[in-house]
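# Structure assessment
Residues per chain, in single letters:
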Amino acid sequence: MATKMRLQRRGRKGYAFYSIVIADARAPRDGRFIEKIGTYNPNTNPSTVDLNFDRALYWIEAGAQPTDTVRNILSHEGVLLMKHLRGGIKKGAFDEAEAQKKFDAWKETKVKGDEKVRTETAKAKKDAYEKELKAEKAINEAIAKKVAEKKAAAAAAAAEAEAPAEAETPAEA
């Protein structure tokens, strides 16, 4: 039986949420599956992946063919790297401890990179917010200045209108 690792759509219209499943290649996309090995939520920023690493590695080594999106997810999580390292162990290129050390180094580098991206994104968002706030304050100050000028002009016009009326009142008396 040809098995595939693929996404099974869940969620509501306009808000897709996926399960990562192992299914027979002949089964429909959202139909029967053999095993659920994780979830994928593209709605969060960054997208959230919850994956059973050991089961995903088992199925990859057993010959399950991932779809393109699942292959990207597995690569991002390090499953394909671990499969590659295990192939090196079988060939005798290095031992299991060295393979684990390489994997841990990769994972640490990846975590640092992800954290760097998150901080840069947060900083850019904060800078954009501050720039927007500064522009809004400048606009508000300009509006306040115009309103103050109009009020001053109206007060001057009212004072001017009252001054001649006062001047005429004593002259008539």
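The text that follows walks through the structure, step by step, so that each part is easy to find. Within each chain, residue numbers correspond to sequence positions counted from 1 in written order. Given that the model is predicted, a residue must reach a pLDDT of at least 70 before its local features are reported, and side-chain atom pairs must reach 80 or more before they are shown or counted; all residues, however, enter totals for whole chains, interfaces and linings. Side-chain measures were taken over the full set of non-hydrogen atoms in the model, leaving aside hydrogen atoms and water.

## So, the side chain of Arg 6
The line we're drawing: Under the scheme used here, helices are H or I runs from DSSP no shorter than 4 residues and strands are E runs no shorter than 2 residues, and both carry numbers assigned from the N terminus. Relative accessible area decides the class of each residue, using a 1.4 Å probe on protein chains only: under 20% of the type maximum gives buried, over 50% gives exposed, and in between gives partly exposed. Charged-residue counts in this description rest on Lys and Arg as positive and Asp and Glu as negative, His and the chain ends being excluded. For salt bridges, the criterion is a side-chain nitrogen of Lys or Arg within 4 Å of an Asp or Glu carboxyl oxygen. Any two residues having at least one pair of non-hydrogen atoms within 4.5 Å are treated as being in contact.
In this fold, Arg 6 is placed in strand β1 (residues 3-12). Although buried, Arg 6 forms no salt bridge, and the nearest oppositely charged side chain, Asp 24, lies 7.1 Å from it. With residues near it in sequence (within four places) discarded, Arg 6 still touches Ser 19, Ile 20, Val 21, Ala 23, Asp 24, Ala 25, Ala 27, Pro 28, Arg 29, Thr 67 and Val 70.

## So, helix α2 (residues 68-77)
Condition: The directions considered for the arc are those from the helix axis to the C-beta atoms.
Listing the buried residues of α2 in full gives Val 70, Ile 73, Leu 74 and Glu 77. On an axial view of α2, the arc spanned by its buried residues comes to 95°, and they lie on one face. The outward face of α2, more than 90 degrees from its buried face, is lined by the exposed residues Asp 68 and Asn 72.

## Some thoughts on the sheet that holds strand β2 (residues 15-24)
In a beta sheet, neighbouring strands pair by backbone hydrogen bonds and run either parallel or antiparallel. Selection criterion: Whether two strands pair depends on DSSP finding at least two bridges between them. All axes here are fitted lines through C-alpha atoms, helices being fitted over the stretch that makes contact, and every angle between N-to-C directions spans 0 to 180 degrees.
If you walk across this open sheet you meet the 5 strands as β4-β3-β2-β1-β5, and the pairing is mixed. Both outer strands of the open sheet, β4 (48-51) and β5 (65-66), are each paired with one neighbouring strand and no more. Both β1 and β2 contribute to a ladder of 10 bridges, which runs antiparallel. From the neighbouring strand, Gly 11 faces β2, where its bridge partner is Ala 16. Strands β1, β2, β3 (35-41), β4 and β5 of the sheet are contacted by α2, whose axis makes an angle of about 95° with β1.

## A short note on the pattern of salt bridges
Applying the stated criterion across every chain yields a total of 9 salt bridges. The salt bridge involving Asp 30 is made with Arg 29; its shortest N-O contact spans 2.8 Å. Put simply, Asp 68 and Arg 71 hold a salt bridge, and the shortest N to O gap is 3.3 Å. Separated by 3 residues within a single helix, Asp 68 and Arg 71 lie in helix α2, roughly one turn from each other. You can call Asp 68 exposed: its relative accessible area is 58%. Given a relative accessible area of 33%, Arg 71 falls into the partly exposed group.

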